[in-house]
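Listed below are the residues making up each chain.
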Amino acid sequence: MNSRPLLLVFLRAPVLGKVKTRLAATLGKERALVIYKRLLQHTIEEGAKLGVDRQAWYSDDIPPNEPCAVLGYSVHQQIGADLGERMQRAFDNGFVNGHGPIIIIGTDLPQLSEALLREALKALGTHDAVIGPANDGGYYLLGLRKPCAELFQGKTWSTDTVFKRTTEDLERLGRTWEALPELIDIDTEADLEATGLP
């Protein structure tokens, strides 16, 4: 295994009305923004504890007072027509620049921890891939030892089929993989209540 692990965080700029729109529909835009900022800060702090190379990839304009660089993240802009292409490009950029294994996470997980991220890296010592299933049928983490473009193609992103389709692809391609514990991905007020996040 390569000796330069890399953590990728995919995120949005914390802008009122642009984040956590499903939460905002019931809690209001201001409350949704506060929750998003807390989740984002938690994510980047837990990621920084790993002590590996780390990158923050924004889906929109990089904001003023960007919060990730101060925690040692290099900051980038996502490129691609859909989420799959944007993730693939971020992985490819990492592999081309000598990183591996590479793990990607989002910012919707109050249950995310340094220990869980270390578990993912450990799994990549013996498996081609590691994946963290989310309660909504997607995944909150994907880790790879080497490129695998097929995992980012042919998916209907942000639906409840993504985890299933991704693991089916891993099986079909003969890649070994390990699943992490299922976590709650905060999209709705019910998700928020289930995690106990105030």
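Quick summary incoming for the structure in this document. (Residues numbered from 1 in each chain as written. Predicted model: local features only at pLDDT ≥ 70, side-chain atom pairs only at ≥ 80, totals over all residues. Heavy atoms only, no water.)

**Looking at unusual backbone geometry**
Following Gly 100, the chain continues into Pro 101 via a peptide bond in cis, with omega recorded as -5 degrees. In this structure, Lys 20 takes a positive phi of about 50 degrees despite not being glycine. As for its placement among the helices and strands, Lys 20 is situated in the loop between strand E1 (6-11) and helix H1 (21-27). The phi dihedral of Ser 158 is positive, around 65 degrees, even though this residue is not glycine. Within the fold, Ser 158 resides in the loop between strand E6 (139-144) and helix H5 (162-172). (Helix = DSSP H or I, 4+ residues; strand = E, 2+ residues; numbered from the N terminus.)

**What to know about the nonpolar core**
Counting residues in hydrophobic clusters, the biggest one holds 32 residues, and the most contacted among them are Leu 7, Leu 11, Tyr 73, Ile 103, Ile 105, Tyr 140 and Leu 141. Broken down by secondary-structure element, the contributors of at least two residues to this core are E1, helix H2 (29-48), strand E2 (53-58), strand E4 (102-105), helix H4 (114-123) and E6. Within the second largest apolar cluster, 21 residues are counted, among which are Phe 10, Met 87, Leu 144 and Trp 157. (Core = buried A, V, L, I, M, F, W, Y, C linked by side-chain atoms within 4.5 Å. Buried < 20%, exposed > 50% of the residue type's maximum accessible area, 1.4 Å probe, protein only.)

**Re the environment of Val 52**
For Val 52, the position within the fold is in the loop between H2 and E2. Setting aside residues up to four positions removed in sequence, Val 52 forms contacts with Pro 5, Leu 7 and Leu 121. (Contact = heavy atoms within 4.5 Å.)

**Regarding the environment of Ile 35**
With respect to the secondary-structure elements, Ile 35 resides in helix H2. Along the backbone, Ile 35 and Leu 192 are 157 residues apart, and their C-alpha atoms lie at a distance of 9.4 Å. With residues up to four places along the chain from it excluded, the contact list for Ile 35 reads Leu 23, Leu 27, Leu 192 and Leu 197.

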